[in-house]
Amino acid sequence: MHAGNWDINCRSLGIEQEAYVDSAVSFTPVMLNALVAQIKTYAVQYHIPLDRAHILGHDSVPTPSADQAIQMHQDPGRYFDWPRLFKALGQTAYTEQPVQVDQPLVITCQNATLYKAPSQSGELFTTENEPSWTRTISYGQSYVCAATQGDWVAIWYDGQLAWFLNTNGQVASQYAVSVHRAQSDEPVYGSTGRNAQSVGEMASGQAYTVVDQLTGIDATDQAGRLKVCENGQPFKQIWFNHRIGFIKVAKK
């Protein structure tokens, strides 16, 4: 099943690592070097941009339906060193710039935890009974700053406000990327097929970063053979929560 989402499977190449989400030492230097070499090969051969919008962990692949969300992959997890990977791929470090309200930002640390309010003694964005990825942001992901309070920053995340601590700008910096601002309530999709189900919603006034634009596809299994066709519906790819999501664009 690779990513657990046929739409993503049809658009991607999968690289599996023999490591464990709860074990930092299982992500070895030898493994990272092999991963870098394979990514570089694929990037040249298939013209893949070397950024977090196009090099996804399984934990950033969207759920194809809301009721499947909790079953989605959680790897590589919080111990995977995304900054080190992109440095090895030759990506220049993000420029440190103060975060500004109503402007996009990028996560510049390995990962950070989200809260419901600007306080580390307050409630986590999701309970400890839920997977940690539901309240974690990681390197290279981008969001829109909705508010600030001292060192705390709020972003639009999964249709809600989520807060993280950005002491001395060590977690996030201002970032130049396109933004989609909802003029009315809009559904967010986890796939781009004609019968795609909504997996969330952005309310009027919320904003999310746009990291790619693509055409919808329909995938069908015909006697054991997968057939994929473009369906003509344009979409924007956004960072909706820890996972990407898709929003429909009006046809011209």
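The preceding data block contains the structure.
Reference entry: report on the structure contained in this document. Just so it is clear, the model here is predicted, and its values are computed rather than measured.

### Comments concerning the packing of aromatic side chains
Applying the stated rule across the entire model yields 13 aromatic pairs. For the ring pair Tyr 94 and Tyr 175, a centre distance of 5.7 Å and an interplane angle of 85 degrees mean the geometry is edge-to-face. Of the two residues, Tyr 94 is situated in the loop between α3 (82-88) and β1 (104-107) and Tyr 175 in the loop between β7 (172-174) and β8 (178-181); the sequence distance between them amounts to 81 residues. The exposure class assigned to Tyr 175 is partly exposed, which follows from its relative accessible area of 27%. Centroid distance Phe 235 to Phe 246: 6.5 Å. Interplanar angle 80 degrees. Geometry classified as edge-to-face. With Phe 235 in strand β12 (residues 225-239) and Phe 246 in strand β13 (residues 244-248), this residue pair connects regions lying 11 residues apart in the sequence.

### So, the nonpolar core
Counting residues in each nonpolar core, the largest one holds 30 residues, and the members touching the most others are Leu 105, Ile 137, Ile 155 and Phe 164. Going through the elements one at a time, β1, β4 (142-149), β5 (152-157), β6 (160-165), β11 (207-222), β12 and β13 are the ones with two or more residues in this core. With three residues, β5 is the largest single contributor of residues to this core. If we ignore the near neighbours within four places in the chain, the residues touching Phe 164 are Leu 105, Ile 107, Thr 113, Leu 114, Ile 137, Asp 151, Trp 152, Val 153, Ile 155, Val 171 and Ala 172. The next biggest cluster of nonpolar side chains, apart from the first, holds 15 residues, and it includes Leu 35, Ile 39, Ile 55 and Leu 89.

### Re the side chain of Thr 136
Examined against the element boundaries, Thr 136 turns out to sit in strand β3 (residues 136-138). For Thr 136, a relative accessible area of 6% corresponds to the buried category. Side-chain polar atoms of Thr 136 contact the backbone oxygen of Ser 132, separated by 2.6 Å. Not counting residues up to four positions away in its chain, the partners in contact with Thr 136 are Arg 78, Asn 111, Ala 112, Leu 114, Tyr 157 and His 242.

### A word on the pattern of salt bridges
Pairing between side chains of opposite charge can happen when their charged atoms approach one another. Inspection of the entire model under this criterion finds four salt bridges. When the shortest N-O distance is used, the salt bridge between Arg 11 and Asp 7 registers 2.8 Å. Of the two residues, Arg 11 and Asp 7 are both situated in helix α1 (residues 6-11); the distance of four residues between them amounts to about one turn of the helix. Judged by relative accessible area, which is 6%, Asp 7 ranks as buried.

### Focus on the environment of His 180
With respect to the helices and strands, His 180 occurs in strand β8. The sequence separation of His 180 and His 58 amounts to 122 residues, and the corresponding C-alpha distance is 24 Å. Leaving out residues up to four positions away in the same chain, His 180 has contacts with Glu 186, Met 202, Gln 206, Ala 207, Tyr 208, Val 210, Lys 236 and Ile 247. In terms of polar contacts, His 180 uses its side chain to reach the side chain of Glu 186, at 2.9 Å.

### Some points on the sheet that holds β1
Overall, antiparallel pairing links the five strands, which are arranged β6-β5-β4-β1-β7 in an open sheet. Lying at the two open borders of the sheet, with one neighbouring strand each, are β6 and β7. In this sheet, neighbouring strand axes are inclined to one another by 45 degrees on average, regardless of whether the strands run parallel or antiparallel. Examined bridge by bridge, β5 and β6 share six bridges and lie antiparallel to one another. Residue pairing in the sheet places Ile 155 in a bridge with Ala 162 of β6.

Each value, and the rule that gives it
- Residues numbered from 1 in each chain as written.
- Predicted model: local features only at pLDDT ≥ 70, side-chain atom pairs only at ≥ 80, totals over all residues.
- Heavy atoms only, no water.
- Phe/Tyr/Trp six-rings, centres within 6.5 Å; stacked < 30°, edge-to-face > 60°.
- Helix = DSSP H or I, 4+ residues; strand = E, 2+ residues; numbered from the N terminus.
- Buried < 20%, exposed > 50% of the residue type's maximum accessible area, 1.4 Å probe, protein only.
- Core = buried A, V, L, I, M, F, W, Y, C linked by side-chain atoms within 4.5 Å.
- Contact = heavy atoms within 4.5 Å.
- Polar contact = N/O pair within 3.5 Å; in protein donor to acceptor, adjacent residues only side chain to side chain.
- Salt bridge = Lys/Arg side-chain N within 4 Å of Asp/Glu carboxyl O.
- Pairing = 2+ DSSP bridges.
- Axes fitted to C-alpha atoms, helices over the stretch in contact; angles between N-to-C directions.

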